[in-house]
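A closer look at the structure
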Amino acid sequence: TANLVEGLVVDCAALLRHVAPELSPGAIASVRNSQGIVRKMRVAGETLAAEWGIRGYDRFASHRSDTVRGWAAYLMAAVPKLTLRQRLERIRSLANDPHFAVREWAWIATRDAVAADLPASIRLLKRWTGSGSANIRRFAAEITRPRGVWCAHVALLKEKPELGLPLLEPLRSDASKYVRDSVANWLNDAGKTRPEWVSALCDRWSRESRTPETAHVVKR
């Protein structure tokens, strides 16, 4: 797909039937009957996980279709008995995918696992903030946004956004606008519940980091 509109009108059931002809008509129908793009993506991934388990990940994560690679992210989320570290290591290739939609599905699908163990997630994702890939650095911020888009809120970060500082501080003057916008959106999320904290943080960053990049984050 070239843009979000194209992604929204993909016939996921038809695509799944061609990509995985081994699946039963009932499995295909479960995707066809799902309402909303997030639900369709999730059900498709869960369907693939039920049929192939972790073995299916490499098959579908390397598919030429960005929609199918998005299903692979949900497949990974549906596979049981994986540690948080294992999930993050596996999803890293999709988090760095060249297609914008796959990168979004990667963090949306993995977000529940990250939110379920926030301290461990922040420790693991802190290393991602030093990656040479802007996609990987952005993933560390985007997946932990207190509110986010098309996903459940993270109540703890809404109440205590300071817990996210190990991820935000290294990115406050990032060279990539893609990353900086994610950091700014993270703070805007936090500002819905802790506006005074966000204001104080932006004041401190403005004093400590007098760069155009930090100024962009603060302004946004």
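Here we summarise the structure given alongside this text.

A separate point is the overall build of the chain. If you tally the helices and strands in the chain, you get 15 helices and zero strands. Taking the principal axes of the C-alpha coordinates as reference, the chain spans close to 60 × 35 × 30 Å. Taking all 220 residues of the chain together, the buried fraction comes to 51%. Considering only intrachain contacts with a sequence separation of at least 6, the fraction spanning at least 24 residues in the chain is 68%.

Moving on, we come to unusual backbone geometry. A positive phi angle, close to 65°, is found at Lys81, a residue other than glycine. Its place among the elements puts Lys81 in the loop between α6 (66-78) and α7 (84-95). A relative accessible area of 82% places Lys81 in the exposed class. Even without being a glycine, Trp150 presents a positive backbone phi close to 60°.

Below, the discussion takes up the pattern of salt bridges. Oppositely charged side chains may form a pair once their charged atoms are brought near each other. The full count for this structure, using the stated rule, is 16 salt bridges. As a salt-bridge pair, Glu169 and Arg172 come within 3.4 Å of each other at their nearest N and O atoms. Residue classification places Arg172 among the buried positions, given a relative accessible area of 16%. For Arg204, the salt bridge identified is with Glu208, shortest N-O distance 3.0 Å. In this pair, Arg204 and Glu208 are both assigned in helix α14 (residues 195-208), four residues apart and thus about one turn of the helix distant. The class of Arg204 is partly exposed, set by a relative accessible area of 23%. The network of salt bridges with common partners includes Glu104, Arg138, Glu142, Arg145 and Asp189.

So, about the packing of aromatic side chains. Applying the stated criterion across every chain yields a total of four aromatic pairs. Taken together, the ring pairs connect Tyr74, Trp105 and Trp150 into an aromatic cluster. We note Arg59 situated over the ring of Trp52; from NZ or CZ to the ring centre the distance is 4.7 Å. Sitting over the ring of Trp128, Arg92 keeps its end group 4.8 Å from the ring centre.

Residues Ile91, Phe139 and Leu187 are the most contacted members of the largest nonpolar core, which totals 69 residues. If you tally residues by element for this core, the top one is helix α8 (residues 100-116), at eight residues.

With that settled, consider the environment of Asn33. Along the chain, the position of Asn33 falls in the loop between α3 (25-32) and α4 (37-52). The class for Asn33 is exposed, based on a relative accessible area of 56%. In the structure, Asn33 is positioned 20 residues away from Ala13 in sequence and 8.8 Å away in space, judged by C-alpha atoms.

Now for the environment of Trp107. Residue placement: Trp107 occurs in helix α8. Placed 36 residues apart in sequence, Trp107 and Ile143 show a C-alpha to C-alpha distance of 5.2 Å. Excluding residues that lie within four positions of it along the chain, Trp107 makes contacts with Arg138, Phe139, Glu142, Ile143, Val149 and Cys151.

Relative orientation and spacing of two packed helices are given, respectively, by the angle between their axes and the distance between those axes. Taken N-terminus to C-terminus, the directions of α7 and helix α10 (residues 134-142) make an angle of 120°; their axes are 9 Å apart at the nearest point. One way to sum up the angle between α7 and α10 is to call them oblique. Regarding α7 and α10, the two cross each other, and that crossing is right-handed. Contacts between α7 and α10 pair Leu88, Ile91, Arg92 and Ala95 from the former with Asn135, Ile136 and Phe139 from the latter. Per-class residue counts for the contact of α7 with α10 are five nonpolar, one polar and one charged.

On to the side chain of Arg180. You can see Arg180 is positioned in helix α13 (residues 177-191). No salt bridge is formed by the buried Arg180; its nearest oppositely charged neighbour, Glu213, is found at 5.0 Å.

Between its first and last C-alpha atoms α13 spans 20 Å; for 15 residues at 1.5 Å apiece the expected length is 21 Å, and the two agree. The buried fraction of α13 is high, at eleven of 15 residues. Against α10, α11 (155-159), α12 (165-168), α14 and α15 (212-219) lie the buried residues of α13. One side-chain oxygen at the N-terminal end of α13 lies 3.2 Å from the backbone nitrogen of Tyr178; it belongs to Ser176.

So, how was this worked out
- Residues numbered from 1 in each chain as written.
- Predicted model: local features only at pLDDT ≥ 70, side-chain atom pairs only at ≥ 80, totals over all residues.
- Heavy atoms only, no water.
- Helix = DSSP H or I, 4+ residues; strand = E, 2+ residues; numbered from the N terminus.
- Buried < 20%, exposed > 50% of the residue type's maximum accessible area, 1.4 Å probe, protein only.
- Contact = heavy atoms within 4.5 Å.
- Salt bridge = Lys/Arg side-chain N within 4 Å of Asp/Glu carboxyl O.
- Phe/Tyr/Trp six-rings, centres within 6.5 Å; stacked < 30°, edge-to-face > 60°.
- Lys NZ or Arg CZ within 6 Å of the ring centre and 35° of its normal.
- Core = buried A, V, L, I, M, F, W, Y, C linked by side-chain atoms within 4.5 Å.
- Axes fitted to C-alpha atoms, helices over the stretch in contact; angles between N-to-C directions.
- Parallel < 35°, antiparallel > 145°, perpendicular 65-115°, else oblique.
- Left-handed = near helix turned anticlockwise from the far one by under 90°.
- Nonpolar A, V, L, I, M, F, W, Y, C, P; charged D, E, K, R; others polar.
- Lys, Arg positive; Asp, Glu negative; His and termini not counted.
- Expected span 1.5 Å × (residues − 1).
- Polar contact = N/O pair within 3.5 Å; in protein donor to acceptor, adjacent residues only side chain to side chain.

So far we have only geometry, and geometry alone does not tell us how the molecule works.
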